[in-house]
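# Descriptive structure summary
Spelled out from the first residue to the last, the chains are:
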Amino acid sequence: MSSWELFDRLYGVYDAWYAENRVTAENELRAVLEADPGPAWRPCIDVGSGTGYFTAPLGCLGVEPSVSMASLGRSLRGVSAVQGRAEALPLRTGAAGSAFMIVTLCFLPNPGEALVEVRRALRQGGSAVACIIPRESGWAEAYGRRAAEGDPFYSAARFYYVDEVKSMFSSAGFKFDAAVGTLTYGPGDRPRPEAPRPYSGEEGFACLRFKAV
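Now for a quick tour of the structure.

Let's shift gears to the pairing of strand S2 (residues 61-64). Sheet topology places strand S1 (residues 44-47) next to S2; three bridges connect them, and they run parallel. For Ile45, the partnering residue across the bridge sits in S2 and is Leu61. The pairing of S2 with strand S3 (residues 81-83) spans three bridges and is parallel. For Val63, the partnering residue across the bridge sits in S3 and is Val82. Regarding topology, helix H5 (residues 67-77) serves as the crossover connection from S2 to the parallel S3, and that connection is right-handed.

With respect to burial, strand S8 (residues 205-212) is a largely interior element, seven of its eight residues being buried. As judged from the eight bridges shared by strand S6 (residues 174-182) and S8, these two strands associate in the antiparallel manner. Among the inter-strand pairings, Thr182 is bridged to a residue of S8, identified as Phe205.

A word on the pattern of salt bridges. A side chain of one charge can pair with a side chain of the opposite charge when the charged atoms of the two come close. In the structure shown here, the tally under the stated rule is 10 salt bridges. A salt bridge links Arg42 to Asp36, with the shortest nitrogen-to-oxygen separation between them at 2.7 Å. Judged by relative accessible area, Arg42 falls into the partly exposed class, the value being 24%. Using a relative accessible area of 18% as the deciding quantity, one classes Asp36 as buried. Each of Arg197, Glu202 and Glu203 takes part in one network of salt bridges that share partners.

The strands that make up a sheet are held in pairs by hydrogen bonds between backbone atoms, and each pair lies either parallel or antiparallel. If you trace the eight strands from one edge of the open sheet to the other, you get S3-S2-S1-S4-S5-S8-S6-S7, paired in mixed fashion. Every interior strand has two partners, whereas the edge strands, S3 and strand S7 (197-198), have only one. Pairing analysis gives six bridges linking strand S5 (residues 122-132) to S8, with the strands arranged antiparallel. Along S8, the bridge assignment pairs Cys131 with Cys207. With respect to the sheet, helix H3 (residues 22-35) is in contact with strand S4 (96-102), S5, S6 and S8, its orientation differing from that of S8 by roughly 20°.

Here we come to the packing of helix H2 (residues 11-20) against H3. Two elements in contact, H2 and H3, have axes separated by 5 Å at closest approach and are oriented at 95°. What the angle tells us is that H2 and H3 run roughly perpendicular. Side by side, H2 and H3 meet where Trp17, Tyr18, Ala19 and Glu20 of the first sit next to Arg22, Thr24, Ala25 and Glu28 of the second. Among the residues forming the contact of H2 with H3, the class breakdown is four nonpolar, one polar and three charged.

Time to look at the side chain of Glu28. Structurally, Glu28 is set in helix H3. There is no salt bridge for the buried Glu28, and the closest opposite charge comes from Arg30, which lies 11 Å off by N-O distance. Residue contacts for Glu28: discarding those within four places in its chain leaves Trp17, Phe54, Thr182, Leu183 and Phe205.

Scoring rules and cut-offs
Residues numbered from 1 in each chain as written. Predicted model: local features only at pLDDT ≥ 70, side-chain atom pairs only at ≥ 80, totals over all residues. Heavy atoms only, no water. Pairing = 2+ DSSP bridges. Helix = DSSP H or I, 4+ residues; strand = E, 2+ residues; numbered from the N terminus. Right-handed = clockwise from strand over helix to strand, strands pointing away. Buried < 20%, exposed > 50% of the residue type's maximum accessible area, 1.4 Å probe, protein only. Salt bridge = Lys/Arg side-chain N within 4 Å of Asp/Glu carboxyl O. Contact = heavy atoms within 4.5 Å. Axes fitted to C-alpha atoms, helices over the stretch in contact; angles between N-to-C directions. Parallel < 35°, antiparallel > 145°, perpendicular 65-115°, else oblique. Nonpolar A, V, L, I, M, F, W, Y, C, P; charged D, E, K, R; others polar. Lys, Arg positive; Asp, Glu negative; His and termini not counted.

Quick look at the structure:
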């Protein structure tokens, strides 16, 4: 089963995570918004937009292969989304000013191919923001244990080191610009609201911004 078919089947379980982990989800959203290159780099797309938790505040067009996920995002959050895969975006060349991939890379079978396609969809100088659970973090370790126990989502995920992501983007025609981090507490700690900060290698959620060159 492909990851998008998994999400198409378990879209309600997926979306419930945001309510069950409200403080952590809000911390992640603040980091995403901090990494946003701003209104000069619109229109924007959210590749792998899911149920639109991040897409709606960003004001982006969602690109989502799962019809069920996109439909829930539309009904819950008013998100406009088109059906499509990251490896074959339904957009003309240079159509977007910025692209977001928020916890998307870890579920892609061919992330390098997807990044080349994102670069095609961006205009010159546009920005791409990839938000990840760094493999070097305690959060990735905890999710790895969940995968070993049979969790359907984490079993389908492959977490990457920050340097691996930088290398992927470089190979696809991007230059690293900045990184924002959050979740300084561990997965077993009591969540607390946090302001995003420059990524230091200690955070469990990182948003890396790149420029199309």
